[in-house]
Amino acid sequence: AGQTNLKSPQDIQVYVLNTNFTLRWNYTGNDTNVTFSAEYRFEDFETGETEWKELAGCQNVTRTECDFSSAITKYYDKHHVRIRAERREEVSPWSSIVEMTPYDIAQISPPGIELQSINGAIKIKVSPPEANQVQKMWIDCLSFKYNLVIWENSSNAEFRNRSIFPIDIIDDLAPDTTYCLKVQAIYPTDSKEGLFSPIRCVKTTHKAVNVLFCATNVSVIALNMKFHLHWNNKYKQHVSYNVQYLIGYLKKLYDDYSMKWLNVPGCENITDTQCNFSSIITATSGFFYLRVQAMSEYNKSCLSNEVKVDPLVTNEIGPPAVKVDISDVLLHIQISPPGGSENEVMRDHYDLSYRVLYWKNSSDNEEEIKTKEVKQTIGTISDLAPATLYCVKVQAFSKAYNKSSHFSKEECIKTPGDKILPLIILATFVTALFAVLLVATPLGFALYQAYNKIKYVFFPSCQPPLNIEGFGGQLFNSPFLSTTEEPIENCSIIETIITEEANQIDFKDYKHSKQSSRDSGNYSNDDDTSGSKVSEETLEKEIV
């Protein structure tokens, strides 16, 4: 019954500043002698407990807020909080439950600052939030960045914002002028912005007269990871210089770094107004600060302004080298990375790409320039016109660093002439040769056959023996041979046995055969008869 007489607290809110926790609420009841008590719970993944527990620092409080910083140690776990009103034995219903994760709702407290006016500038030293606390919400204090707001303490003040290091010098200020400032801590990891520090004001002093031999206009020129520092000096007397550098990481620390500057090797006690400091630069070494210390002939020293060098950001990309070659249908482009193929920093850390421009080099000024982008150092271009002069130039660029080089020197090459006409001529020649062979082969064969016939008839290859050559005419004119019959190339050698008896027998037989031929009546001719007689006499004489 007592629970109905007291109202529950309303508008429950939890405020977290670093590791300081505050619970606030409203109470609309008119009851007197009312106190308030709160409970909390969170899921303990080690024990699995989710029971409600009393919230230390928020038990039997008489105000509408309480500090429970000592009760919370799990900053990344989800918590539930509730509260009720109490009066002696009476208690109100529990309020609505508030859910919160400490790290998510925590605010960053203001940093501590110390100011000092020196030589027309203001030296500031910043202490991180939670500098003197044992329990820390922001474990990595080196991750903090600091935003400074500064203005002149006047009615028409102009506010200026700039990022500063934990120990920094604010220059470019007017002398004998009061400046006010405040500093805010920023935690980039979680995009959290802290509260500003209380406003502090300080008056600047007069700046010392500028020493004539000091180095001025200090600047860095970097190309293809070759770094040079340049400066000016109007002093006409003898001056020597030491170039000094500081590793940028040291400026992020909260310690004094003034004694940690180092001399650049090869840039000590020099008289030139430039220095090559590439020896201290690596792509993974982070950023640097450089300054020039001038030494006069009277051993007086003067330090120049500092120059920041972030190697991959400060460096400029030079143009690549290009070689072109051509084949029947392709234009081949070979690209050498800026700084040469041995420059691994340019090749690996910039992730270079190449923009290729190519065009026909003709008298037509309206000829289109074509573009092609490649990642490799070898590219090809197709669709080339024959017997045409093509020109190419290449630009290197890095998308990651938003940098690009100048274009390389133009390289031009002419494509081979059109090969269609020679192919047509060759095909025509081969076709004509084939046609000639088709016609000449049977013609040659026919001529060869005719030649063999003529040779066979008029120039036989076989001749009769000498012993029958004398009456060869009689044989061909013999009545026993047909004049239309083709002679048969059948030769034989008649061997004669020269004996008296044999000759007589042969002669008698021959006369008998001749006589029989005349008697047959097949051929009757006086010339034949007279020729036969002469042959007989001739044969008779030979036999004798």
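Residues numbered from 1 in each chain as written. Predicted model: local features only at pLDDT ≥ 70, side-chain atom pairs only at ≥ 80, totals over all residues. Heavy atoms only, no water.

Per an unreviewed UniProt entry, the protein chain carries the name INAR1 protein and comes from Ibidorhyncha struthersii.

## Here we look at the overall build of the protein chain
Selection criterion: Strands here are runs of E lasting at least two residues and helices are runs of H or I lasting at least four, both read from the DSSP assignment and numbered beginning at the N terminus. Each residue is assigned to one of three classes by its accessible area relative to the maximum for its type, calculated with a 1.4 Å probe on protein chains only: buried under 20%, partly exposed between the two thresholds, exposed over 50%. Here a residue-residue contact requires only that any non-hydrogen atoms of the pair lie within 4.5 Å.
For the protein chain, the count of helices and strands is seven helices and 33 strands. Per-residue burial for the protein chain yields a buried fraction of 35% across its 544 residues. Once local pairs closer than 6 in sequence are excluded, the contacts in the protein chain between residues at least 24 apart make up 64%.

## Here's the deal with the confidence of the model for the protein chain
Just so we agree on the cut-off: pLDDT is defined as a per-residue confidence score from the predictor, taking values between 0 and 100.
In the predicted model, the protein chain carries a mean pLDDT of 82, and the fraction of residues at 70 or more is 80%. Scored below 50 in pLDDT, residues 470-488 shows 10 contacts in the model against residues more than four places distant or in partner chains. Predicted confidence for residues 490-544 stays below pLDDT 50, and this span has 28 contacts to residues more than four positions away or in other chains.

## Some details on empty space enclosed by the protein
How we decide: We place a 1 Å grid over just the protein atoms. Points where a 1.4 Å probe fits but has no way out form a cavity, open points with protein on both sides within 12 Å along at least 5 of 7 lines form a pocket, and any residue with an atom within 4 Å of a point lines it. Grid points are joined across faces, edges and corners, and a volume is the space filled by probe spheres set on the points. Residues are grouped as follows: Ala, Val, Leu, Ile, Met, Phe, Trp, Tyr, Cys and Pro are nonpolar; Asp, Glu, Lys and Arg are charged; all remaining types, including Gly, are polar.
Enumeration according to the criterion identifies two cavities of 30 Å³ or more in this entry. When its volume is computed, the second largest cavity comes out at roughly 30 Å³. Every residue lining the second largest cavity is listed: Ile333, Ile335, Val356, Lys372, Val374, Gly379, Thr380 and Ile381. Element by element, the count of residues in the lining of the second largest cavity is highest for strand S30 (residues 378-381), at three residues. Classifying every residue of the lining of the second largest cavity gives five nonpolar, two polar and one charged.

## Describing the state of the cysteines
This is how it is decided: Disulfides are defined in this document as cysteine sulfur pairs within 2.5 Å.
Counted by the stated rule, this structure contains five disulfides. With a sulfur-sulfur separation of 1.4 Å, Cys214 is cross-linked through a disulfide to Cys302. Residues Cys214 and Cys302 are joined through a disulfide that is right-handed, its torsion about the S-S bond being 105°. Residue Cys214 is found in the loop between strand S17 (200-203) and strand S18 (216-223), and its partner Cys302 is found in strand S24 (residues 301-303); the two are separated by 88 residues along the sequence. A relative accessible area of 11% places Cys302 in the buried class. Disulfide pairing places Cys391 opposite Cys412 at an S-S distance of 1.9 Å. With the S-S dihedral at roughly 100°, the linkage between Cys391 and Cys412 falls on the right-handed side. Here Cys391 is found in strand S31 (residues 389-398), whereas its partner Cys412 is found in strand S33 (residues 411-414), with 21 residues between them in sequence. You can call Cys391 buried: its relative accessible area is 0%. Classification of Cys412 by relative accessible area gives partly exposed; the value is 36%. Along the protein chain, the cysteines engaged in disulfide bonds are linked according to the scheme 1-2, 3-4, 5-8, 6-7, 9-10 when indexed in sequence order.

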